[in-house]
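Commentary on secondary and tertiary structure
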Amino acid sequence: LLEDKYDHLTNKTAECRALESSLWEIDSLEKHYHPTVATFAKSFGREDEKTPLYDLNEFTLHTYKSLFDQENNERKMKKSKVPLAFKEPTSLFVDGDVFDGLVSF
């Protein structure tokens, strides 16, 4: 398992070595909007002998556009139609609110 340089026992931010730690980045990537990124981050540090080894170069070749295109193509393959409804807003606030009428479109 990985050893983190962060010292959680100290109360002094200058001495906790937080900037030397990278595990907070893994934690935030586990909550990433793109499921592939989140799944890969969740598997980090939990490898065993059955876990396949990944070539990280394959992951670094992706751009936001390529991830978007891949997700968009998967949606087209499913051919599911999501009903959309849109009502044009007339104000930022509900009728009768204290700020009603302050800003209008």
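Residues numbered from 1 in each chain as written. Predicted model: local features only at pLDDT ≥ 70, side-chain atom pairs only at ≥ 80, totals over all residues. Heavy atoms only, no water.

On to the overall build of the protein. A tally of helices and strands in the protein yields four helices and zero strands. Going from N to C terminus, the protein has its helices and strands arranged as α-α-α-α. The buried share among the 105 residues of the protein stands at 10%. Considering only intrachain contacts with a sequence separation of at least 6, the fraction spanning at least 24 residues in the protein is 11%. Accessible surface for the protein amounts to roughly 10,300 Å². Of this, 58% is attributable to carbon and sulfur atoms. (Helix = DSSP H or I, 4+ residues; strand = E, 2+ residues; numbered from the N terminus. Buried < 20%, exposed > 50% of the residue type's maximum accessible area, 1.4 Å probe, protein only. Contact = heavy atoms within 4.5 Å. Areas by Shrake-Rupley, 256 points an atom, 1.4 Å probe, with all protein chains shown as cover.)

We now examine the environment of Leu19. Positionally, Leu19 belongs in the segment before α1 (23-29). In this structure, the C-alpha to C-alpha distance between Leu19 and Tyr6, residues 13 residues apart in sequence, is 8.1 Å.

Side chains of Val98, Phe99 and Leu102 sit close together on the surface and give an oily, nonpolar patch of about 360 Å² of accessible area. For Phe99, the location among the structural elements is in the segment after α4 (64-78). On the basis of relative accessible area, Phe99 is assigned to the partly exposed category, the value being 45%. (Patch = residues over 30% accessible without salt bridge, like charges linked within 9 Å, V, L, I, M, F, W, Y side chains within 5 Å. Salt bridge = Lys/Arg side-chain N within 4 Å of Asp/Glu carboxyl O.)

All right, on to the pattern of salt bridges then. Summed over the entire model, instances satisfying the criterion amount to two salt bridges. When the shortest N-O distance is used, the salt bridge between Asp27 and Lys31 registers 3.2 Å. When its relative accessible area of 39% is taken as the criterion, Asp27 is described as partly exposed. With relative accessibility at 61%, the residue Lys31 sits in the exposed group. Notably, a salt bridge pairs Lys65 with Asp69, separated by 2.8 Å at the nearest N-O pair. With a gap of four residues between them, Lys65 and Asp69 both fall in helix α4, about one helical turn apart.

Close inspection of predicted coordinates is inappropriate for parts of the model with low pLDDT. For the protein, the mean per-residue pLDDT works out to 76, and 88% of the residues sit at or above 70. Across the protein, element-level confidence peaks in helix α2 (residues 35-43) with a mean pLDDT of 82 and bottoms out in helix α3 (residues 56-60) with 72. (pLDDT = per-residue confidence, 0-100.)

In this section: the side chain of His34. Structurally, the position occupied by His34 is in the loop between α1 and α2. The exposure class of His34 is buried, given its relative accessible area of 4%. When near neighbours in sequence (up to four residues on either side) are disregarded, His34 contacts Leu67 and Glu71.

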